[in-house]
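Residue-level listing of the chains:
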Amino acid sequence: MSDKKAKAKTGSKCPECGKPGVQQFRPFCSKRCADVDLGKWFNEEYTLPGDTEIPDDIGEAEPS
Ligand SMILES: [Zn+2]
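Predicted, not measured: the structure shown is a model, and the values here were computed from it. (Residues numbered from 1 in each chain as written. Predicted model: local features only at pLDDT ≥ 70, side-chain atom pairs only at ≥ 80, totals over all residues. Heavy atoms only, no water.)

**Q** Run through the coordination of the zinc ion, naming residues and quoting values.
**A** The zinc ion binds to the protein through Cys14 (SG), Cys17 (SG), Cys29 (SG) and Cys33 (SG); the donor distances cover 2.3 to 2.4 Å. Between the four donor atoms coordinating the zinc ion, the angles at the centre fall across 101 to 117°, so the site counts as tetrahedral. Linear spacing of the donor residues for the zinc ion on their chain is C-x2-C-x11-C-x3-C. The residues Cys29 and Cys33 share a single accessibility class, namely buried. (Donors = N, O, S within 2.8 Å, 3.2 Å for Na, K, Ca; no water. Tetrahedral: all angles 85-135°; square planar, octahedral: opposite > 155°, others 65-115°. Buried < 20%, exposed > 50% of the residue type's maximum accessible area, 1.4 Å probe, protein only.)

Structure representation (structure tokens):
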């Protein structure tokens, strides 16, 4: 009888456009917004204060 409640499961809003987030792309509303946010990360727009050390993936040199 109270199955309608299940619909309000996603209470997060899209950080990009403010629309209700879609479970598949949480917390974003669409893949597009998720990509936009991801792009910001790549552009170092979200650089963390302090040292952001990016592992260089060294240490496993391929023997050839
Ligand atoms: Zn969005």
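Resuming the write-up.
**Q** Can you break down the UniProt feature "binding site: Zn(2+)" (unreviewed entry) in the chain residue by residue, with the values?
**A** The feature "binding site: Zn(2+)" (unreviewed entry), as given by UniProt, occupies Cys14, Cys17, Cys29 and Cys33 in the numbering adopted here. The greatest C-alpha distance among the annotated residues, which extend across 20 residues, is 8.1 Å, indicating that they converge on a single site. On the secondary structure map, Cys17 appears in the segment before α1 (31-42). Judged by its relative accessible area of 41%, Cys17 is partly exposed. Here Cys17 is in contact with Cys29 and Cys33, once residues within four sequence places are set aside. Among the structural elements, Cys33 can be located in helix α1. Exposure remark for Cys33: the relative accessible area of 11% places this residue in the buried category. Residues in contact with Cys33, not counting those within four places in the same chain, are Cys14, Glu16, Cys17 and Phe28. (UniProt positions renumbered as here; feature names shortened; annotations may be inferred. Helix = DSSP H or I, 4+ residues; strand = E, 2+ residues; numbered from the N terminus. Contact = heavy atoms within 4.5 Å.)

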